Amino acid sequence: MSRHFAESGLRASKGQSMIFRTSTRRQRCARSLGFVFPFVFCLAAACLAGVGVWSFLERRGLVRGTEKHDDLDMYLKDDARKDLLYSENPTFLAMSAGGFGLFVGVLGFLGFLRKRSCLLVLFICGVVIFFLSSLATGFMALVYRETLEMDATDLVKQEVKDQMNDAILSKQYHTETVDYTQTRFKCCGVDRFRDWEENVQFNCSSEGSLSCTVPHSCCRDSDDSTCGGRVIERDDAEDFIFTQGCVGSPELEKMVQEAVNTTDLFVLSICGFALAPVSMVVLFLAALHLHYLETL
């Protein structure tokens, strides 16, 4: 009998020992997993902040001017460039959200390390805010990408229009900027080549060798010095000069798009939308993990 009780007690103690070891292993596993969630979240926050910094530097290059922005230097003034940079720019939100996410990730590490419920609650609340910020960043980047190209194109077109009108309406045509514009964008005049008839020198009723002609920068063949002769009156003017107005020139719009280059904003929008579900997964798992720790 005594031997039976001894064996029963031994089995019970072994069972309790196994339960204790199992519980200890579960706690260690839970604690280890607790560090994974903040780590993943910190990576997501660092990714968003990094893309935000890259995009900001790209936009800042538009303001300060780089080699790829040489053409824009002739048409965009400093105030206009700053408006393009700071107006509804999502890069500031991305950098702020990324920095905030890193801070929240540290709170998550401390919360799981010290098993502080208040820190874990703050971590979960921070993840929610980061989720909303990521969505907002992605949406703003898409919108800003479209409006930036349109605003930059409108500003350049308006400046080209003003410069061309000043040259056309002046008594003596002489401006390197207009010549460069017409040669660079393969255009002539503001809206059409016959706009030059409003110029005193090129008007068909004026006297002189320039009567009813256009500037040489309108010529398709730059070596042909007589291409613009009486061309305003000719029906086959397109064979000799560019007849497309500079404001509507496809080459001008292409130049603006290449100079503005919104690739970084496209990547930022993808990053914002991609990290939103990642943060929600971290939020869900962190909430389950918090509940599990409270039951231990």
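Predicted model, so just to flag it, every value in this text is computed and none were measured.

A. Structural context of the overall build of the protein chain. Along the backbone of the protein chain there are eight helices and zero strands. Moving toward the C terminus, one meets the helices and strands of the protein chain in the order α-α-α-α-α-α-α-α. Here the protein chain holds 296 residues, and 41% of them are scored as buried. Taking contacts inside the protein chain between residues at least 6 apart in sequence as the whole, the part at least 24 apart equals 72%. Of the roughly 16,400 Å² of accessible surface on the protein chain, a fraction of 58% belongs to carbon and sulfur atoms.

B. Main features of the packing of helix H5 (residues 117-169) against helix H6 (residues 176-184). Relative to each other, H5 and H6 sit at 120°, their axes nearing to 10 Å. Here H6 runs oblique to H5, going by the angle between their axes. The interaxial crossing formed by H5 with H6 has left-handed handedness. In this structure, H5 uses Val160, Gln163, Met164 and Ala167 to contact H6, whose residues at the interface are Thr177, Val178, Thr181 and Gln182. Residue classes in the contact of H5 with H6 are distributed as four nonpolar, four polar and no charged.

C. Just the packing of H5 against helix H7 (residues 250-260), in detail. In the contact formed by H5 and H7, the axes pass within 10 Å of each other and the chain directions differ by 130°. In terms of orientation, H5 and H7 fall into the oblique class. Note that H5 runs across H7; the crossing there is right-handed. Each of Leu148, Glu149, Ala152, Thr153, Val156, Lys157 and Val160 in H5 lies in contact with H7, whose residues at this interface are Leu252, Glu253, Met255, Val256, Gln257 and Val260. In terms of residue class, the contact of H5 with H7 is built from eight nonpolar, two polar and three charged.

D. Quick peek at the pattern of salt bridges. Evaluation of the coordinates by the stated rule reveals two salt bridges. The salt bridge involving Lys157 is made with Glu253; its shortest N-O contact spans 2.9 Å. Of the two residues, Lys157 sits in helix H5 while Glu253 sits in helix H7, which places them 96 residues apart along the sequence. The class of Lys157 is buried, set by a relative accessible area of 19%. Judged by relative accessible area, Glu253 falls into the partly exposed class, the value being 31%. A salt bridge links Arg234 to Asp236, with the shortest nitrogen-to-oxygen separation between them at 3.2 Å. By relative accessible area, which is 31% here, Asp236 ends up partly exposed.

Parameters at a glance
Residues numbered from 1 in each chain as written. Predicted model: local features only at pLDDT ≥ 70, side-chain atom pairs only at ≥ 80, totals over all residues. Heavy atoms only, no water. Helix = DSSP H or I, 4+ residues; strand = E, 2+ residues; numbered from the N terminus. Buried < 20%, exposed > 50% of the residue type's maximum accessible area, 1.4 Å probe, protein only. Contact = heavy atoms within 4.5 Å. Areas by Shrake-Rupley, 256 points an atom, 1.4 Å probe, with all protein chains shown as cover. Axes fitted to C-alpha atoms, helices over the stretch in contact; angles between N-to-C directions. Parallel < 35°, antiparallel > 145°, perpendicular 65-115°, else oblique. Left-handed = near helix turned anticlockwise from the far one by under 90°. Nonpolar A, V, L, I, M, F, W, Y, C, P; charged D, E, K, R; others polar. Salt bridge = Lys/Arg side-chain N within 4 Å of Asp/Glu carboxyl O.

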